[in-house]
Amino acid sequence: MKKIINNVDDVVAEMVDGMVRSYPQIVKKLPDTEAIVRNDADRDKSIVGLVSGGGSGHEPTHAGYVGQGMLSAAVAGQVFTSPTPDQIYAAIKDANHGKGVFLIIKNYSGDVMNFDMAKDIADMDDIPVKSIVVDDDIAVENSTYTQGRRGVAGTIFVHKILGAAADQGADLDQIDSLAHQIVPNIKTIGVALSGATVPAVGKPGFTLADDEIEYGVGIHGEPGYRKEKLQSSKDMAHELLEKLGSEFHFEAGQHYAVLVNGMGATPLMEQYIFMNDVLNELDKDGVSVDYTKVGNFMTSLDMAGVSLTLMKLDDAHWLQNLQYPVKTIAWGA
Amino acid sequence: MLTVANTTKWLQLFTDQVNTNQDALNQYDTPIGDGDHGSNLARGTTAMMDSLNKADLKSVSDVWKTAAMAIISKVGGAAGPLYGTAFLEMAKASKDRPADDIAVQPLIDASLKGLLKRGGAVPGDKTMVDVWTDVDADLEKGPLTSDQVKTAVESTKPMEAKKGRASYLGKDSVGHLDPGSVSSGFFFESLIQEGEIQ
Ligand SMILES: Nc1ncnc2c1ncn2[C@@H]1O[C@H](COP(=O)(O)OP(=O)(O)OP(=O)(O)O)[C@@H](O)[C@H]1O
Ligand SMILES: [Mg+2]
């Protein structure tokens, strides 16, 4: 393992310190926690607070999306491990400005249970809290009798759209109903070229041969649905869009937002090449792409690969919310 | 019957087992999870013993509550809320009992109900719920034995996971022990080892 770190036990705390010291105009840390909250002049505006969080190792997720127009707070757990309820609760309390708090949770059993417990504590304090569980990764079967699908990169569209709504004064019920409308329209699938190394473990969670790729890998290195010989970017785009197409059933006249997300070790050059191929394919399908985004938004430490997220824009307001101005570390233009 | 002293001892034995077997628990969590169950739990049990050693423990309920709070605030992951909920339910169930009449079975029974509610798993889903369900039933019939604990843990091997990380593997989860069930096995082995509670 070759990493720029000190003690493996300190990676999360030191990362959070580095982050808040780099962007003090945008974020600060709540004392004695790894919860990162807004630090701009408008932080106490009376709007619904949005809180997310999860294991670390997916930077800039989620702290990079804290700021005006997006999240009020993000709670960082240990690497790939859900944060604890007391810290989530501290973030909820800070995010509540009289309008209640909405939680954006990725669908992992640890995250769901820790956020639920935090919600129970907030209930006792009479802070109104509602939540959504994001499950956009179509690599796994969907079933109500299992854990269901994982929450991955599409979550940042949820942050963005709900953040814009909250900033414009939507109340807790409106945020809740918007969240439940958009999440079923967001789907993601990934491809990995190499595995990620958790600092405390010291070696990659999985290995692929030099000429091998794996489709459907999760953001914690969860196994995918197929291994293949290395293919061209065009072929990868084709494969992932075929999977997404079987969910969305592409038709002329449909409107989409497209996110190409780097997994951590894939150069932007390759991500742009891949996006180019995705857009070519979508052109052939005759759908209209109204919004695009490329970059490292929800990484998996040093995993190489990309994920592709499509969001079907059934409502013109959703596009407006994606375009709404924000001041965060990581959303960008 | 549980007392402050023997309950604390039970948790100390559990902590020792988790610390000794931290790597083994990570290993059980590797093929069907993310390899962190031992690290997650050890972080919590160590903090739990620190809290217990510092706290002024007046009742059995105090012991479980102190233990639960340490676990909840230190572990995270799936194991944190699950063990935290289990211990919190034991704190609640022992709270209104006369100090000299706190039996272990009703506490485990309350914990199991809490686990079912917290995680939404049912018996057969290849989670720690399987071990707690079997142990709860075994305790109803009399003192728990090591063989019963082993059987309960082993029962998760042929199961297909329906909850937690292992569920993403579907059929490929068959043939592996569930890590949370192995650590729960340590918890109940520690109860037996303590010797005087049951
Ligand atoms: N919904 C559930 N109900 C009951 N037990 C569960 C559930 N989900 C997971 N478990 C138990 O938790 C154990 C895994 O605990 P662990 O601490 O490794 O959490 P994790 O899933 O890796 O969390 P994280 O993803 O946040 O790291 C499993 O072996 C299983 O026994
Ligand atoms: Mg685990």
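Named according to an unreviewed UniProt entry, chain B is phosphoenolpyruvate--glycerone phosphotransferase originating from Lactobacillus selangorensis. Within the UniProt record for chain B, the comment given under Subunit (unreviewed entry) is "Homodimer. The dihydroxyacetone kinase complex is composed of a homodimer of DhaM, a homodimer of DhaK and the subunit DhaL." UniProt lists a comment for chain B under the heading Catalytic activity (unreviewed entry), and it reads "dihydroxyacetone + phosphoenolpyruvate = dihydroxyacetone phosphate + pyruvate".

Looking at an unreviewed UniProt entry, one finds chain A named phosphoenolpyruvate--glycerone phosphotransferase, with Lactobacillus selangorensis as its source organism. Under the heading Pathway (unreviewed entry), UniProt records this for chain A: "Polyol metabolism; glycerol degradation."

1. Description of the coordination of the magnesium ion (ligand 2)
Note on the magnesium ion (ligand 2): its protein donors are D29 of chain B (OD), D34 of chain B (OD) and D36 of chain B (OD). The metal-donor distances range over 2.0 to 2.3 Å. All donor residues of the magnesium ion (ligand 2) come from one chain, and their arrangement in sequence is D-x4-D-x1-D.

2. What to know about the UniProt feature "domain: DhaL" (unreviewed entry) in chain B
As annotated in UniProt, the feature "domain: DhaL" (unreviewed entry) corresponds to residues 5-193 of chain B in the numbering used here. Split by type, residues 5-193 of chain B is 69% helix and 0% strand. Its first and last C-alpha atoms lie 14 Å apart.

3. Regarding the confidence of the model for chain B
Overall, the predicted model of chain B reaches an average pLDDT of 96, with 100% of residues at or above 70. The ipTM, which scores confidence in the relative placement of chains, is 0.88 for this predicted complex, and the corresponding pTM is 0.93.

4. A few points about the side chain of Q87 of chain A
Here Q87 of chain A shows up in helix α2 (residues 85-95). Excluding its chain neighbours within four sequence positions, the residues that come into contact with Q87 of chain A are D32, T33, E34, A35 and V75 of chain A.

5. Concerning the UniProt feature "domain: DhaK" (unreviewed entry) in chain A
When the UniProt feature table is mapped to this numbering, "domain: DhaK" (unreviewed entry) covers residues 7-331 of chain A. Between the first and last C-alpha atoms of residues 7-331 of chain A the distance is 30 Å; the span itself is 32% helix and 23% strand.

6. A short note on the sheet that holds strand β3 (residues 49-56) of chain A
Residue and element names in this part refer to chain A. Across the sheet, which stays open at both edges, the six strands sit in the order β1-β2-β4-β3-β5-β6 with mixed pairing between neighbours. Both outer strands of the open sheet, β1 (27-29) and β6 (129-134), are each paired with one neighbouring strand and no more. Taking each pair of neighbouring strands and ignoring which way they run, the sheet shows an average axis angle of 25 degrees. One ladder, built from five bridges, connects β3 with strand β4 (residues 73-79); its direction is parallel. Considered in β4, the bridge of V51 is made with A73. Contacting β3, β5 (101-106) and β6, helix α4 (residues 155-167) runs over the sheet at an angle of about 170 degrees to β5.

7. Observations regarding the site of ligand 1
The full set close to ligand 1 counts 23 residues, and D34, D36, R165, D178 and G180 of chain B are the nearest of them. Looking at what sits near ligand 1, you find residues from chains A and B. A78 of chain B is positioned with one of its backbone polar atoms (N or O) 3.1 Å from an oxygen atom of ligand 1. Here D178 of chain B contributes a side-chain N or O atom positioned 2.5 Å from an oxygen atom of ligand 1. Computed on the free molecule, ligand 1 has an accessible area of 640 Å², of which 96% lies beneath the protein chains in the complex. Counting atoms within 2 Å of the grid points, the majority share of ligand 1 lands in the largest cavity. Those elements giving two or more residues to the shell around ligand 1 turn out to be α3 (37-54), α5 (79-95) and α9 (179-194) of chain B.

8. Examining unusual backbone geometry
Residues and elements named next belong to chain A. Omega for the peptide link from E59 to P60 comes to 5 degrees, which places this bond in the cis form. In this structure, P60 sits in the loop between β3 and β4. The omega torsion across T61 and H62 is -10 degrees, close enough to zero to call that bond cis. Tracing the sequence through the fold places H62 in the loop between β3 and β4. For D126, which is not a glycine, the phi torsion comes out positive at approximately 60 degrees.

Basis of the calculations
Residues numbered from 1 in each chain as written. Chains lettered and ligands numbered in written order. Predicted model: local features only at pLDDT ≥ 70, side-chain atom pairs only at ≥ 80, totals over all residues. Heavy atoms only, no water. UniProt positions renumbered as here; feature names shortened; annotations may be inferred. Donors = N, O, S within 2.8 Å, 3.2 Å for Na, K, Ca; no water. Helix = DSSP H or I, 4+ residues; strand = E, 2+ residues; numbered from the N terminus. pLDDT = per-residue confidence, 0-100. Contact = heavy atoms within 4.5 Å. Pairing = 2+ DSSP bridges. Axes fitted to C-alpha atoms, helices over the stretch in contact; angles between N-to-C directions. Near = heavy atom within 4 Å. Polar contact = N/O pair within 3.5 Å; in protein donor to acceptor, adjacent residues only side chain to side chain. Areas by Shrake-Rupley, 256 points an atom, 1.4 Å probe, with all protein chains shown as cover. 1 Å grid on protein atoms, 1.4 Å probe; cavity = no way out; pocket = protein on both sides within 12 Å on 5 of 7 lines; lining within 4 Å. Sits in = over half its atoms within 2 Å of the grid points.

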